[in-house]
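# A closer look at the structure
Chain residues, written in single-letter form:
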Amino acid sequence: MKPIFFLLFALLSLAACKHEDDEMPPDTSLVPIERGEGVFILNEGAFNAGNASVDFFRYPDNRQFSNIYETQNGQALGDVLQSMTLFGDRAFLVVNNSQKIVVVDPADFKGTTSIGPFPSPRYLLPLPSGKAYLSDLFSNFIYRVDLANLQKIDSIAAGGWTEEMVRIGGEIFVANRFTKNIYIIDTLSNQMVDTLEVGFDPASMAVDINGKLWVLCSGDSFGPELGGIWRLDPATRQVEAQFGFTDFDTGTAPKIRTNSVGNVLYFLKKDIFKMGIEDGALPSNPIVSSAGRTLYSLEIHPITSEVFTSDAVDFAQRGTVYLYSYDGVEIQSMEAGVAPNGFLFY
């Protein structure tokens, strides 16, 4: 890797040895954000503290900009940043406990407006038409949103907590937490047309190069019912393979993602594991061990397949972001905001 990465890592290591009160303030200078130059770091913040934030890490000069929304807008983003989505020339930040979607220009991160209120929004999935679906924790509905007019259109009844969503062809597959359900929505009729059964608590989903749907299920320790990873054929609606976990230790934020090609899976189950989509069994050993950390996010770079994750520590103090090579070799780390929970490559 470039020597500058190791230099930054050394400097960050030295800084971490200082007392918290002696640390240098974060770099909050103006961010000239260009496409292809970096990654947004989403900091959830502490619940009810109103300290959600976004950082930007710029690749060319290996530079991090902290809390860019507040810097650019002169006000806090809100309470509990859940996710961020790009569509056209806008970025949409789903701020869960503030019950809104904040709309910004990603080039300078200045806010334009917000959409809401929603009971407890989670993830936004845009369609090419400019409409989008929004999952929700408490409402028992999936909402439709017009991203051009920036307003709620209507809703689709859905029992319970809806979470991650993926689009395959003309259908939307929706994970229904703490059930065994994957809902299917037809994008033409905007109706729920089917429900697939997987393991208990489908927490995260990914689509591979063959168009197969992979679902990570956390399981139910009170059942008891162990979780695992399910592979489904969206066309036939059939389960093709099931890989069961051997324990309930799934960590605080189970995730599953693919590499840039779509032929390798990465999943976060307390530790980070890697497996090929044709493998016949789950891997025995992780490529990244949590090693006492609270790993709270997982995203894979869409070009390099580098692994981005974070340590939420205690969900009250600032967390740490880690960057690993595709096979789990640490490249660098950096301090982030409170409870970093995701990344958006720009």
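This text goes with the structure placed above it.
What comes next is a walk through the structure. (Residues numbered from 1 in each chain as written. Predicted model: local features only at pLDDT ≥ 70, side-chain atom pairs only at ≥ 80, totals over all residues. Heavy atoms only, no water.)

## Topic: empty space enclosed by the protein
Our working rule: Throughout, the protein atoms alone are placed on a 1 Å grid, and a set of points is a cavity if a 1.4 Å probe fits but cannot get out or a pocket if it is open with protein on both sides within 12 Å along at least five of seven lines; lining residues have an atom within 4 Å of a point. Grid points are joined across faces, edges and corners, and a volume is the space filled by probe spheres set on the points. Secondary structure elements are defined from DSSP: runs of H or I of at least 4 residues count as helices, runs of E of at least 2 residues count as strands, and each element is numbered from the N terminus. Asp, Glu, Lys and Arg are counted as charged, while Ala, Val, Leu, Ile, Met, Phe, Trp, Tyr, Cys and Pro are counted as nonpolar; the rest, among them Gly, fall into the polar class.
As enumerated under the stated definition, the model contains one cavity of 30 Å³ or more in all. Space inside the largest cavity adds up to approximately 40 Å³. Taken together, Val39, Ile41, Phe57, Phe308, Val321, Leu323, Met334 and Phe343 make up the lining of the largest cavity. Mapped by element, the contributors of at least two residues to the lining of the largest cavity are strand S1 (38-43) and strand S25 (318-324). In the lining of the largest cavity, the residues fall into eight nonpolar, no polar and no charged.

## Looking at the nonpolar core
Heads up, the rule is: The criterion is simple. A nonpolar core is a set of buried Ala, Val, Leu, Ile, Met, Phe, Trp, Tyr and Cys residues joined through side-chain atoms within 4.5 Å. For each residue, the accessible area found with a 1.4 Å probe, counting protein chains only, is set against the maximum for its type, and the residue is called buried under 20%, exposed over 50%, and partly exposed in between. The contact definition used throughout considers only heavy atoms, calling two residues in contact when any of these lie within 4.5 Å.
In this structure, Phe40, Val54, Leu77, Leu93 and Phe109 are the most contacted members of the largest nonpolar core, which totals 20 residues. In terms of residues, this core owes the most to one element, strand S5 (residues 90-95), which gives three residues. In this structure Phe109 touches Ile33, Phe40, Val54, Ile68, Tyr69, Gln72, Asn73, Met84, Leu93 and Val104, once residues within four positions along its chain are discounted. Ile184, Leu196, Val215 and Cys217 belong to the second-largest nonpolar core, a separate cluster that totals 14 residues.

## Side note on the sheet that holds strand S8 (residues 121-126)
Just so we agree on the cut-off: What makes two strands pair is DSSP finding at least two bridges between them. Simply put, an axis is a line fit to the C-alpha atoms, just over the touching stretch for a helix, and the angle between two N-to-C directions goes from 0 to 180 degrees.
The strand order across the open sheet formed by four strands is S8-S9-S10-S11, and the pairing between neighbours is antiparallel. Looking at the sheet topology across the chains shown, the edges are occupied by S8 and strand S11 (151-157). Each neighbouring strand pair of the sheet contributes to a mean axis angle of 25 degrees, computed without reference to strand direction. One ladder, built from four bridges, connects S8 with strand S9 (residues 131-136); its direction is antiparallel. Note on S9: the bridge partner recorded for Pro121 is Asp136.

## Description of the layout of surface pockets
In this structure, the largest pocket spans a volume of roughly 1,100 Å³. Lining the largest pocket are 33 residues, with Met165, Val166, Arg257, Glu299 and Leu344 positioned closest to its centre. Among the secondary structure elements, those contributing two or more residues to the lining of the largest pocket are strand S4 (81-87), S8, strand S12 (162-168), strand S16 (202-207), strand S20 (255-258), strand S23 (295-300) and strand S27 (340-345). Residues of the lining of the largest pocket, tallied by class, amount to 18 nonpolar, ten polar and five charged.

## Some words on the environment of Val239
Here Val239 is to be found in strand S19 (residues 238-244). Since its relative accessible area comes to 39%, Val239 is described here as partly exposed. When the C-alpha positions of Val239 and Trp214 are compared, they lie 9.8 Å apart, and in sequence the two are 25 residues distant.

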